[in-house]
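Summary of the model geometry
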Amino acid sequence: GSEMCIRDRYEKLGFRCNIHGGKAMKLLIIRHGDPDYVHDTLTEKGKREAELLSRMLVKEKIDFIYCSPLGRAKETCAYTAEKLKMTPVVCPWLQEFDYRVELPDGEKNHLIWDMLPEFWTGRKEMYDNDCWLDQPFMETGHIREHYRDVIQGFDELLAKHGYMREGKIYRAENPNRDTVALFCHFGLETVLLSRLFNIPPTVLAHVFVALPTSVTTLYTEERRKGKVIFRCCAFGETTHLYIGKEAPSFSARFCETFDSDERHD
């Protein structure tokens with residue numbers, strides 16, 4: 001807080017701030033703070049997390065801010081936007097990807113990113129970017145249509161900032177060094193990353209976890225003129241929480257051992 005700025009504390013503690021500097025366009029995908037899902041707001045812990053996050057982000061050159069329409073993401077975003085004196089653009093497609101399906105065993109209202117390992121790892125389609133949407137149980141939640149809506153919105157945003165989707169990579173129509181921040185949700189983040197990496201979100205969502213207020217940083221890479229991919233240099237970074245002596249939230253994780261009292265389902 002008062003003893004030194006966040007950046008100085010990074011340097012003093014020996015950390016390199018992955019979202020600082022660089023000579024490429026950057027995408028920052030930021031999850032909301034610790035949530036009160038019932039009221040779609042932040043818990044008191046979530047508010048502390050959002051404040052610590054804002055102290056870090058305010059030191060960076062953020063050119064554009066986009067935000068989910070859901071309360072917990074907007075509240076998280078407000079801490080940073082107010083410090084930067086910026087007005088976020090609210091995008092409906094950045095809301096959580098919480099559409100439900102009916103699983104083959106008859107279980108209903110199940111999220112596609114909370115499946116048991118013995119189920120999803122046993123289905124080879126879950127690893128195939130061309131087939132994961134074709135499974136009949138995905139159709140019960142109209143996942144194809146929802147996924148299409150998100151990636152269409154995402155592609156349009158990237159095109160607005162100079163990068164047009166072309167096959168499985170991007171064409172740089174207006175290469176730049178802007179920093180674009182997206183305040184959203186973990187499930188939605190895996191959908192965005194699946195589009196950039198051409199990997200099913202079902203794999204990303206089950207083997208990675210982005211904790212509340214974590215920051216995922218991607219840079220453009222243009223090794224041949226006009227041909228671009230996005231590369232991830234930091235996933236789910238929560239260094240700002242450790243600097244602020246705030247333990248990361250457990251939200252989105254499951255029990256580490258079966259005999260614990262942590263979340264099982």
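Residues numbered from 1 in each chain as written. Predicted model: local features only at pLDDT ≥ 70, side-chain atom pairs only at ≥ 80, totals over all residues. Heavy atoms only, no water.

Moving on, we get to unusual backbone geometry. Its identity is not glycine, yet H142 carries a phi of approximately 50 degrees, on the positive side. Considering the arrangement of structural elements, one finds H142 in the loop between α5 (136–139) and α6 (143–160). Accessibility expressed as a relative area gives 47% for H142, which makes it partly exposed. (Helix = DSSP H or I, 4+ residues; strand = E, 2+ residues; numbered from the N terminus. Buried < 20%, exposed > 50% of the residue type's maximum accessible area, 1.4 Å probe, protein only.)

Here we take up the nonpolar core. L27, F97, I112, L158, L192 and L196 are the most contacted members of the largest nonpolar core, which has 44 residues in total. Those elements that place two or more of their residues in this core are β1 (26–31), α5, α6, β9 (169–172), β10 (179–184), α7 (186–197), α8 (201–207) and β12 (227–237). Top contributing element to this core by residue count: α6, with seven residues. When neighbours within four sequence positions are excluded, L158 is seen to be in contact with M25, L27, Y163, Y170, L196 and F230. Judged by nonpolar contacts, the second largest core, of 14 residues, contains L28, C67, A73 and A181. (Core = buried A, V, L, I, M, F, W, Y, C linked by side-chain atoms within 4.5 Å. Contact = heavy atoms within 4.5 Å.)

On to the confidence of the model for the protein chain, then. Low pLDDT marks stretches whose predicted atomic positions should not be read closely. Per-chain confidence: the protein chain averages 90 in pLDDT, with 89% of residues scoring 70 or above. Long-range and interchain partners of residues 10–22, a stretch whose pLDDT sits below 50, account for 33 contacts in this model, where long-range means more than four residues apart. (pLDDT = per-residue confidence, 0-100.)

Two quantities define a packed helix pair, namely the angle between the axes and the distance from one axis to the other. Across the interface, helix α2 (residues 44–57) lies against helix α3 (residues 71–84) with an axial gap of 8 Å and an inter-helix angle of 35 degrees. Of the two elements, α2 crosses α3, and the hand of that crossing is right-handed. The segment α2 lies against α3, with K47, A50, E51, L53, S54 and L57 engaging E75, T76, Y79, T80 and K83. In terms of residue class, the contact of α2 with α3 is made up of four nonpolar, three polar and four charged. (Axes fitted to C-alpha atoms, helices over the stretch in contact; angles between N-to-C directions. Left-handed = near helix turned anticlockwise from the far one by under 90°. Nonpolar A, V, L, I, M, F, W, Y, C, P; charged D, E, K, R; others polar.)

Let's shift gears to the state of the cysteines. Following the criterion strictly, the structure yields zero disulfides and no others. The thiol of C232 is not disulfide-bonded; the next cysteine sulfur, from C233, is found 6.4 Å away. Of the residues examined, C232 reaches a relative accessible area of 34% and is grouped as partly exposed. (Disulfide = S-S within 2.5 Å.)

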